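One letter stands for each residue in the lines below.
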Amino acid sequence: MHPTDSESDTIETFKPTRAGGFRRAVLRGLGVVLPPLLTIAVLIWAWSTIESYVLGPIESSIRSAIVKGVSHSKTFSQVPQGATATGARRLDGFSYKGERYVPDPTGRRFLPEYVVKVVNENADRFGPYTAAPASANAFWHRYVEVVYMPRSIVVPVFLIVFLTILYFVGRLFTFGLGHWFVRSFDAAILRIPIVNKVYGSVKQVTDFAFSEREIEFNRVVAIEYPRKGIWSLGFVTGNSMKEISLATGEPMLSVLMPTSPMPMTGFTVTVKRSEAIDLDLTIDEAIQFVVSCGVVVPPQQRNDAPVLPRSSAVIKPNAITQERK
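A quick note: this is a predicted structure, and the numbers were derived from the prediction, not measured. (Residues numbered from 1 in each chain as written. Predicted model: local features only at pLDDT ≥ 70, side-chain atom pairs only at ≥ 80, totals over all residues. Heavy atoms only, no water.)

## Here we look at the pairing of strand S6 (residues 219–224)
As a reminder, the rule being used: At least two bridges found by DSSP between two strands is the condition for calling them paired. Only DSSP runs of H or I with at least four residues qualify as helices, and only runs of E with at least two residues qualify as strands; both kinds are numbered from the N terminus onward.
Note: S6 against strand S7 (residues 231–239), six bridges, orientation antiparallel. When the bridges of S7 are listed, Val221 appears paired with Gly234. Two successive antiparallel strands, S6 and S7, enclose a turn made up of six residues, where Gly229 displays a positive phi of approximately 95 degrees. The pairing of S6 with strand S10 (residues 277–278) spans two bridges and is classified as antiparallel. Within the sheet, the bridge partner assigned to Val221 lies in S10 and is Asp278.

The following block contains the structure:
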């Protein structure tokens, strides 16, 4: 039995357009591509920050010290006594103690020819947009970087030393005097206006991300909170107080209710064990759900049934009744 024309007019069907399908496909593509790209971007940003503010200054200081040591006796501003001129002009250089010396780009200082040769042969290591050395000191810095401090050695050594220092700092400031010093430093910073807002937020994030959880979560549950019909995720921390269980006549649970999008903050509630629903979620999956404000749902908990808008199938009963009459 087919609906009459009047019935067809009163039924509004939802038909997805091509534009809507294209938009959904693009959004799904972004959902697939963005997580790894953002992860790579964050890691690159973290390494760039460490390289700029930690590795760079340390590397520059060590390189300057080495340059000062190796170039002190092998750089001349005048032709030394006993040197043999290579040509009639000053710019032709000279030979001294078995080594050939050539002028730098300024023409005011002389350095060993092998230094210039090594730097020029390895010019591609410094990138196509790096300017050529403009002085004897710049040649020595490039030479030391190529011969004594190549990146293939500097970076692994730096990582090993950096991680070792982090380990001992973590051990030192975890207990005793070190722990007291950290707490005193935090208290002093948190007294500074404006700075305390930024420092407090960063401190919460780093403590949650890198510190071991002092609270051991047993499992993830859903409870009706803050009222009937509204469900919230919580982490069971253990059984509640004995007197509360005796007053209610059944076991009670202590549940930590995290807040979005910062799960490191929250509050504790006590609920009846019978009113808590155990969820098939790990602690990390539940934290991702809270941080994303419910956007990131684990695969085993996804409900892929399409949700149509209210206007997708609205039937006007009065019109249909009149048509049947």
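There is more to say, and it comes next.
## A word on the packing of aromatic side chains
The test is simple: Any pair of Phe, Tyr and Trp rings, taking the six-membered ring for Trp, is counted once the centres come within 6.5 Å. Such a pair is stacked with planes under 30 degrees apart, edge-to-face with planes over 60 apart, and tilted for the rest. Think of it in three bands: with a 1.4 Å probe and only protein chains considered, a residue is buried below 20% of the maximum accessible area for its type, exposed above 50%, and partly exposed in between. We call a charge positioned over a ring when the NZ of a Lys or the CZ of an Arg lies within 6 Å of the ring centre and within 35 degrees of the ring normal.
In total, this model carries 13 aromatic pairs according to the counting rule given. Relative to Tyr143, the ring of Trp140 has its centre 5.8 Å away and its plane inclined at 90 degrees; by these criteria the two rings are edge-to-face. Linking Trp140 with Tyr143, this pair stays in helix H4 (residues 136–147), spanning three residues, or about one helical turn. With respect to class, Trp140 is no different from Tyr143; both count as buried. Ring geometry for Phe158 and Phe162: centres 5.4 Å apart, planes at 15 degrees, overall stacked. One end of the pair, Phe158, and the other, Phe162, are both in helix H5 (residues 151–172), four residues apart, so they sit about a helical turn from each other. Look at Phe158 and you get buried, because its relative accessible area is 9%. Given the relative accessible area of 24%, Phe162 is considered partly exposed. Following the ring pairs from residue to residue traces out a cluster consisting of Phe76, Phe94, Tyr96, Tyr101 and Phe110. A cation over a ring is seen here: Arg142 above Phe126, with NZ or CZ 4.6 Å from the ring centre.

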